Every structure is written in structure tokens, then in C-alpha cells.
Amino acid sequence: MREQTWQRLRTPRRRSAVAASVAVAMAAGVLAAGVLTPTAASAAAKPDTVQQGLDALVRQDKLPAALATVKDRKGRTQAYTAGVGDLATGAKVPKDSQVRIGSNTKTFTAVVALQLVGEGKVRLDEPIETYLPGLVRGDGIDGHRITVRQLLQHTSGLPDYEGDIDEATLQQRYFEPRELLDMAFRHKAGSAPGEKFEYSSTNYVLAGLLVQKVTGRPLAEEIDRRIVQRIGLRHTSFPGTGDRSIREAHPQGYRQEKPGGPLIDTTELDPSAGWAAGQMISTNADLDQFFTALLGGRLLPAAQLAEMRTTVPIADSGAGYGLGLISRPLSCGGVYWGHGGDIPGFETRGGATDDGRAVNIAVTQIPADGAVTRRLEQVVDTALCR
């Protein structure tokens with residue numbers, strides 16, 4: 001659930017096992033039937049830097065598997081895999097298969113909220129108290145003082161609940177959204193509303209409840225109707241209550257209880273602790289399509305997309321957080337827009353550029369070392385800058 005890049009800049013390690021795990025995280029070839037297919041000759045002439053990057057994540061950083069899908073400016077795509085999809089059987093990694101996408105879910109939730117803004121049903125600078133009266137209360141916490149914009153941009157000062165859930169509980173137990181808020185509001189506010197950027201999945205639990213209150217429909221239905229069906233994301237879903245499975249072809253996801261310890265299969269889990277902040281399942285190709293469609297204006301009116309892309313700095317990283325959307329600088333100039341996410345078993349990174357390039361990469365274990373995530377992000381940069 002938790003998007004880790006900014007956090008690793010401010011703390012050496014996540015503050016608990018779940019905050020560590022949850023996040024709560026390509027190719028030379030010729031065109032054939034709309035897909036870039038590398039040939040032996042081209043591979044020999046020019047090593048594929050994306051494949052090399054994925055291989056290094058598996059070989060040197062000891063991740064079980066890595067998979068990526070890259071889309072160029074003309075819409076041609078190529079899928080990559082490295083490593084082993086199932087350590088128990090030795091099965092290969094299915095290409096462009098489903099993974100848990102963690103905090104990428106936040107972008108989907110933000111898009112629906114901003115669609116409601118465009119429809120005149122929600123106002124960004126209105127207090128959340130207007131829509132969810134009496135709900136946001138605690139030590140230094142008052143819904144009258146926190147706006148919808150501040151929730152979507154993580155500038156509300158609200159404490160995070162993720163550190164209160166141990167990983168064993170996370171894997172087995174179903175959580176109602178209001179249970180997550182109860183955990184969060186036992187803690188004191190981290191800062192005054194609007195004072196600074198502080199990443200907290202609590203913000204997006206509230207955003208999800210806002211969507212449900214305004215529409216009168218479940219968040220999962222609204223995401224499916226307004227985004228998934230609208231742009232044809234064929235392999236993207238919001239798991240239903242009690243659904244611990246990944247239904248389509250997928251690699252297994254793993255976790256370690258301690259560095260150097262055995263890898264534990266954590267593919268089957270209840271993702272409800274993520275909910276609007278981190279519950280969804282997708283593929284790299286669908287994420288490429290989603291971020292490309294979003295930047296291309298297919299999901300939001302121009303005014304709301306501009307609001308989404310108005311960022312605050314994430315520490316001194318050069319990255320910025322908009323309304324559920326992160327901009328990151330590219331080594332070749334410019335920026336790309338995406339999010340990223342962690343949930344036990346999977347870490348994802350990637351995004352898209354304004355000219356139509358896109359890449360998303362997933363690995364099947366959340367790295368214990370932030371340097372490994374930075375190397376993963378370097379492979380994203382490599383793919384977009386070729």
C-alpha cells in the first residue's frame with residue numbers, strides 16, 4: 001500500500017513490519033502484430049538494457065522474479081520477465097501477468113474523486129466534514145480543518161494506521177474501512193492541515209468513503225464503471241470482500257520475516273487493510289494503459305487533470321506529489337507521472353510521459369533495502385529514456 005520512494009529519503013527503515021511491507025514498492029526489436037519482438041540479431045548487436053536491469057534485480061539483488069511491460073510513443077509494447085514465478089515448482093514467470101499493485105490504487109481513487117469534482121458534486125477546498133460529518137476526530141484532528149485537496153495530496157497531517165497492523169494479521173483478517181480509521185485516530189496528528197507533505201494511507205480511506213457517500217455506490221463499483229470499463233482495462237480488478245486470491249495467471253509473491261530468512265509465500269492474502277489506498281490487482285500493461293489514458297485526458301476534464309498534476313515537493317528527491325499522482329525526474333530530461341506501490345509479496349514502480357511512453361515494473365518481494373528499490377526505479381528510467 002505504501003509508496004516508498006519518498007519515505008526512504010526520510011527514514012532508514014519503515015516503522016513496522018507492515019509499514020515495511022505495505023505501503024502502506026524496456027527493448028530493442030522489430031514490430032510484429034503490434035508487439036515489439038526482439039530478434040537474435042538485434043539482441044546480439046545491442047544488448048537489451050531493460051532485460052539486463054531485470055536480470056540484475058534477480059541475480060544480484062536476490063528478488064524471486066521481476067516482470068515489466070514497456071510501451072513506446074507509437075503504442076507498441078513489449079513484455080519482459082526474469083527469475084522464477086513459483087519457487088516451489090520452478091514455474092516460469094507468466095508474461096504481463098496479474099500482480100497486487102498496492103498504492104497505485106490511490107491514483108484510481110483520486111481519479112474518481114476528481115471526476116466528482118468535475119461533475120460539481122465535490123469541491124476540492126471544502127472541508128471533509130461537509131461530506132463525512134463527525135467522522136474525522138482525534139488528538140489534533142478535526143474534519144472541519146481538513147480539505148478534500150489535503151487528503152488527496154497527503155498534506156492533511158492525519159496519522160497513518162499501517163504501523164498498527166502486523167503482517168500475520170494483515171494476511172488473514174478482513175478490515176472494515178472504519179476500523180482502519182479507528183486505528184489511525186488513536187494517534188495524534190502529525191502536523192497541522194496544509195503544513196507539509198506526510199504520506200498516510202488514512203487520507204485515501206477517507207477519500208474512498210467520500211466517493212461512496214457522494215455516489216451512494218461501493219467504491220469498487222465506481223472505479224470499475226468510471227475507469228476500468230471506460231478505458232478497457234481487461235485485467236484490472238478491485239477484489240471483493242473476503243477474496244484472497246489473484247484470479248488470473250500470476251507469479252507467487254513472497255516476504256521475509258527478517259533479512260536473510262526464508263522466503264514465505266504471501267500470494268494469498270486479504271487486501272482489505274489497503275482498501276481505497278491499496279487493494280487493487282492489475283497487470284503492467286493495464287497500468288501503462290491507465291496512466292497513458294489519464295495523462296491523455298481520457299479520464300478527467302482538463303481543469304481537474306491540471307489540479308491532479310499540481311504538486312508539492314517530496315523531501316529533496318526532485319519528485320512531487322499531486323492529487324494521487326507523482327512526478328519523477330528523468331535522467332534524459334523531463335518527468336514521468338505515476339505512483340507505485342507495495343503490498344506484501346509485490347512492489348511496483350512505473351508511469352508514463354506526456355508523449356505516450358510508459359513502463360511499469362513489478363517484483364515479487366518488497367526489497368528490505370531501499371537501494372534495491374532505487375535500482376528498480378533506475379530500470380524504469382532506462383526504459384523511458386532509451
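Scoring rules and cut-offs
Each chain has its residues counted from 1, running along the sequence as written. Predicted model: local features are reported for residues with pLDDT of at least 70 only, side-chain atom pairs are reported and counted for 80 or more only, and whole-chain, interface and lining totals are derived from all residues. By convention in this description, side-chain values take in all heavy atoms of the structure and omit both hydrogens and water. Each helix is a run of DSSP H or I of at least 4 residues and each strand a run of E of at least 2, with the numbering of both proceeding from the N terminus. Three labels apply to residues, based on accessible area from a 1.4 Å probe with only protein chains included: buried if under 20% of the type maximum, exposed if over 50%, partly exposed otherwise in between. Only the protein chains shown count as cover for residues, with accessible areas throughout obtained via the Shrake-Rupley method and a probe of 1.4 Å. Should DSSP find at least two bridges between two strands, the strands are regarded as paired. One speaks of a salt bridge when a side-chain nitrogen belonging to Lys or Arg is within 4 Å of a carboxyl oxygen belonging to Asp or Glu. In this tally, Asp and Glu contribute negative charge and Lys and Arg positive charge; neither His nor the terminal groups of the chain are included. Here a polar contact is recorded for every N or O atom pair within 3.5 Å, except that within protein the pair must consist of a potential hydrogen donor and a potential acceptor, and residues adjacent in sequence are included only if both atoms are side-chain atoms. Two cysteine sulfurs form what is called a disulfide whenever their separation falls within 2.5 Å. Given the number of residues in a helix, its expected span is that number minus one, multiplied by 1.5 Å. Per-residue confidence from the predictor is reported as pLDDT, a score between 0 and 100. The contact rule is simple, with two residues in contact once any of their heavy atoms fall within 4.5 Å. Pairing of aromatic rings covers Phe, Tyr and Trp, the last counted by its six-membered ring, and requires centre-to-centre distances within 6.5 Å; plane angles under 30 degrees mean stacked, over 60 mean edge-to-face, and any other angle means tilted.

Draft legend 1. A look at the overall build of the protein chain. Check the secondary structure of the protein chain and you find 13 helices and 17 strands. A total of 386 residues make up the protein chain; the buried ones form 58% of that total. Of the roughly 14700 Å² of accessible surface on the protein chain, 51% is carried by carbon and sulfur atoms.

Draft legend 2. Here's a closer look at the pairing of strand β3 (residues 65-71). Burial analysis of β3 places seven of its seven residues in the buried class, which makes it a mostly covered element. Residues of β3 alternate between two faces, with A65, L67, T69 and K71 on one and A66, A68 and V70 on the opposite face, all of them buried. Where β3 lies against strand β4 (residues 77-83), seven bridges are found, and the strand directions are antiparallel. Bridge pairing in β4 links K71 to T77. Once β3 ends, the chain turns through five residues before running back antiparallel as β4, passing G75 with a positive phi of about 85°. Here β3 pairs with strand β17 (residues 358-363) via six bridges, running antiparallel. Residue pairing in the sheet places A66 in a bridge with V363 of β17.

Draft legend 3. Broad picture of the pattern of salt bridges. In the structure shown here, the tally under the stated rule is 23 salt bridges. Its salt-bridge partner being E119, residue K121 comes within 3.3 Å of it at the nearest N-O pair. For K121, a relative accessible area of 45% translates into the label partly exposed. By relative accessible area, E119 is classed as partly exposed at 39%. Between K196 and E198 there is a salt bridge, and its shortest N-O distance comes to 3.7 Å. On the accessibility criterion, K196 (38% relative accessible area) is partly exposed.

Draft legend 4. Spatial organisation of the side chain of K106. Considering the arrangement of structural elements, one finds K106 in helix α5 (residues 104-118). Here K106 occupies a buried position and makes no salt bridge, while the nearest side chain of opposite charge, E162, is found at 5.0 Å. Polar contacts involving the side chain of K106 include one to the side chain of S103, which spans 2.8 Å. Separated by 3.0 Å, the side chains of K106 and Y199 make a polar contact.

Draft legend 5. Summary view of the state of the cysteines. Under the criterion given, the structure shown has one disulfide. Covalent S-S linkage joins C332 and C385, the inter-sulfur distance amounting to 2.1 Å. Taking the torsion about the sulfur-sulfur bond, which here is approximately -75°, the covalent link between C332 and C385 counts as left-handed. Of this pair, C332 sits in the loop between β13 (326-329) and β14 (335-338) while C385 sits in helix α13 (residues 370-385), placing them 53 residues apart in sequence. Judged by its relative accessible area of 45%, C332 falls in the partly exposed class.

Draft legend 6. Broad picture of α5. Here α5 contains 15 residues, and its C-alpha end-to-end distance of 22 Å stays within 8% of the 21 Å for a straight helix at 1.5 Å per residue. Of all 15 residues that make up α5, 14 are buried, and the element is covered over most of its length. Positive phi shows up at G120, right after α5, with a value of about 80°.

Draft legend 7. Layout of unusual backbone geometry. The phi angle at K62 is positive, at roughly 65°, despite the residue not being glycine. With respect to the helices and strands, the residue K62 is situated in the loop between α4 (49-59) and β3. Among the residues examined, K62 registers a relative accessible area of 60% and is labelled exposed. Phi is positive for W275, which is not a glycine, with a value near 40°. Within the fold, W275 resides in the loop between β9 (263-265) and β10 (281-282).

Draft legend 8. Broad picture of the confidence of the model for the protein chain. The predicted model of the protein chain has a mean per-residue pLDDT of 90, with 88% of residues at 70 or higher. Across the protein chain, α5 holds the top mean pLDDT of 99, while strand β1 (residues 30-32) sits lowest at 28. Considering only residues more than four positions removed or in separate chains, one finds that residues 2-44, a stretch of pLDDT under 50, has 144 contacts.

Draft legend 9. Region of the structure containing the packing of aromatic side chains. Applying the stated criterion across every chain yields a total of four aromatic pairs. Each ring, one from F108 and one from F290, has its centre 3.9 Å from the other, and the planes form 10°; the classification is stacked. Residue F108 is located in helix α5, and its partner F290 is located in helix α11 (residues 284-295); the two are separated by 182 residues in the primary sequence. Both residues of the pair, F108 and F290, count as buried. Measuring from centroid to centroid gives 5.4 Å for F197 and Y321, while their planes differ by 40°, and the two rings are tilted. Of this pair, F197 sits in the loop between α8 (177-184) and α9 (202-215) while Y321 sits in strand β12 (residues 320-321); the two residues are 124 residues apart in sequence, bridging distant segments of the chain. A single burial state applies to F197 and to Y321, both of which are buried. These aromatic residues form a ring-pair network of at least three members: F108, F290 and F291.

Draft legend 10. Expanded view of α13. Its 16 residues give α13 an end-to-end C-alpha distance of 23 Å, which sits within 8% of 22 Å, the value for a rise of 1.5 Å per residue. Looking at α13, one finds that the buried residues are G370, A371, V372, T373, L376, E377, V379, V380, D381, A383 and L384. The opening residue of α13, the one whose side-chain oxygen lies 2.9 Å from the backbone nitrogen of A371, is D369.

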